[in-house]
Amino acid sequence: MKKIVCIQILLWMSCLINVSAQDSYKEYEQKVHVSSQGDSLQYCLLRPEVEKPGEKYPLVLFLHGAGERGNDNRKQLKHGGQMWLNPVNRKKYPAFILLPQCPAENYWGYEMRPNSLEPFGMPDNPELTTTIRTLKSLLDTFLDMPQVDKLRVYIMGLSMGGMATYDMVIRYPEIFAAAVPICGTVNPVRIGKELREIKFRIFHGDTDSVVTPEGSREAYKALKAIDASVEYIEFVGCDHNSWNPAFNYPDFMNWLFNQKKEK
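Residues numbered from 1 in each chain as written. Predicted model: local features only at pLDDT ≥ 70, side-chain atom pairs only at ≥ 80, totals over all residues. Heavy atoms only, no water.

Description of the nonpolar core
In a soluble, globular protein the nonpolar side chains are often hidden away together inside. Residues Leu59, Leu135, Met168, Val169, Phe176, Leu195 and Leu223 are the most contacted members of the largest nonpolar core, which totals 49 residues. When contributions to this core are tallied by element, the ones reaching two or more residues are strand E2 (40-46), strand E3 (57-63), strand E4 (96-101), helix H4 (130-143), strand E5 (148-158), helix H5 (160-171), strand E7 (199-205) and helix H6 (214-225). Residues in contact with Leu223, not counting those within four places in the same chain, are Ile191, Leu195, Phe200, Ile202, Ala228 and Val230. In this structure, Leu85, Leu158, Ile233 and Phe252 belong to the second largest nonpolar core, which totals 34 residues. (Core = buried A, V, L, I, M, F, W, Y, C linked by side-chain atoms within 4.5 Å. Buried < 20%, exposed > 50% of the residue type's maximum accessible area, 1.4 Å probe, protein only. Helix = DSSP H or I, 4+ residues; strand = E, 2+ residues; numbered from the N terminus. Contact = heavy atoms within 4.5 Å.)

Pasting the structure below:
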């Protein structure tokens, strides 16, 4: 009898935790985008708390990691979702925050997880995936909105999303003012002079056992070689979850929202 009561209590507590987690994200709108090709992508949207008529706001595209793939349109908020809800951040940096969710069977910029995540083992000319094509279609709908500042469009992502951050800026460099890849990787041969106009901040843990820091180090060297504006911050003793110290980096928000493309 005691065991049954304990199990019931644990289940009740689990339900309360799940409800609480859902409620904590209630300010995010849950939406689905369907492209002209008929492909769909779920996403969450956080709008500026106050949208003033005639005013333009930055747009942040946030790409999650492999562990947050799915079809619940909530899991992608696990890492970083609360950061955008911080009342200080919302007041100081009003923006449209766009958090799409990669379907469980996909891998953002690649048809499947690459066999090697070492930089020179990564694909050097990957085909455009349906997921990235649909993501670009979603992004275009926001770029068409008059209240979005086309000179202040930012992209960031962690792990698989960090890889997709590189993929997106390589394919569509004209869109973004700044890019923040966190514990990502890319074959550096893909980095060309067209990325010069984008400001980069790269974060990685030096003991990352999932995506080794060589990916970020080589990307940094390739960006420096084309005279791009790039910073590389490596966290000593940090494994794969370098997004935690990255999100807490002293001027993380201030740096991001100060970036602006030249007209």
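Points about empty space enclosed by the protein
As enumerated under the stated definition, the model contains one cavity of 30 Å³ or more in all. Considering only enclosed or pocket space, the largest cavity measures out at about 100 Å³ in volume. If you trace the largest cavity, you find 13 residues lining it, with Trp84, Arg90, Tyr93, Ala95 and Ile97 closest to the centre. Those elements giving two or more residues to the lining of the largest cavity turn out to be helix H3 (87-92) and helix H8 (252-257). In terms of residue class, the lining of the largest cavity is made up of nine nonpolar, one polar and three charged. (1 Å grid on protein atoms, 1.4 Å probe; cavity = no way out; pocket = protein on both sides within 12 Å on 5 of 7 lines; lining within 4 Å. Points joined across faces, edges and corners; volume = space filled by probe spheres on them. Nonpolar A, V, L, I, M, F, W, Y, C, P; charged D, E, K, R; others polar.)

Examining the pattern of salt bridges
Across all of its chains, the model carries 13 salt bridges by this definition. Arg133 is the salt-bridge partner of Asp39, the closest N and O atoms lying 2.8 Å from each other. With Asp39 in the loop between strand E1 (29-34) and E2 and Arg133 in helix H4, this pair connects stretches of sequence that are 94 residues apart. Take Asp39: its relative accessible area is 22%, and that puts it in the partly exposed class. (Salt bridge = Lys/Arg side-chain N within 4 Å of Asp/Glu carboxyl O.)

Notes on the environment of Ile175
Examined against the element boundaries, Ile175 turns out to sit in the loop between H5 and strand E6 (178-182). Looking at Ile175, the relative accessible area reads 8%, which means it is buried. With 25 residues separating them along the chain, Ile175 and Lys150 place their C-alpha atoms 7.5 Å apart. When residues no more than four places from it in sequence are discounted, the contact partners of Ile175 are Lys136, Leu139, Leu143, Lys150, Val153 and Lys261.

A closer look at the packing of aromatic side chains
One pair of aromatic rings is described through two measures. These are the centre distance and the angle between the planes. According to the stated counting rule, one finds 13 aromatic pairs in the structure shown. Judged by centre distance (5.6 Å) and plane angle (70°), the ring pair of Phe203 and Tyr249 falls under edge-to-face. One end of the pair, Phe203, is in strand E7; the other, Tyr249, is in the loop between helix H7 (243-247) and H8, with 46 residues separating them in the sequence. Phe203 sits in the buried class, given a relative accessible area of 0%. Overall, the relative accessible area of 26% leaves Tyr249 in the partly exposed class. Aromatic rings pair up to connect Phe62, Trp84, Phe203, Phe235, Phe247, Tyr249 and Phe252 into one cluster. In this structure, Lys136 packs its charged tip against the face of Tyr172, placed 4.9 Å from the ring centre. (Phe/Tyr/Trp six-rings, centres within 6.5 Å; stacked < 30°, edge-to-face > 60°. Lys NZ or Arg CZ within 6 Å of the ring centre and 35° of its normal.)

A few points about the side chain of Asp208
Mapping Asp208 onto the fold places it in the loop between E7 and H6. In this structure, Asp208 is buried with no salt-bridge partner, the nearest side chain bearing the opposite charge being Arg113 at 8.7 Å. Of the polar contacts made by the side chain of Asp208, one reaches the side chain of His204; its length is 3.2 Å. Once residues lying within four places of it in the same chain are set aside, the contact partners of Asp208 are Cys183, Pro213, Cys238, Asp239 and His240. (Lys, Arg positive; Asp, Glu negative; His and termini not counted. Polar contact = N/O pair within 3.5 Å; in protein donor to acceptor, adjacent residues only side chain to side chain.)

Some words on the sheet that holds E2
The strand order E1-E2-E4-E3-E5-E6-E7-E8 describes an open sheet built from eight strands, whose pairing is mixed. With partners counted over all chains shown, the strands left at the sheet margins are E1 and strand E8 (229-235), one partner each. Strand-to-strand twist across the sheet, computed as the mean angle between neighbouring axes with direction ignored, equals 20°. Across the sheet, H4 touches E1, E2, E3, E4 and E5, and the angle it forms with E2 is around 40°. Contacts from H5 reach E3, E5, E6 and E7 within the one sheet, and its direction differs from that of E5 by about 140°. (Pairing = 2+ DSSP bridges. Axes fitted to C-alpha atoms, helices over the stretch in contact; angles between N-to-C directions.)

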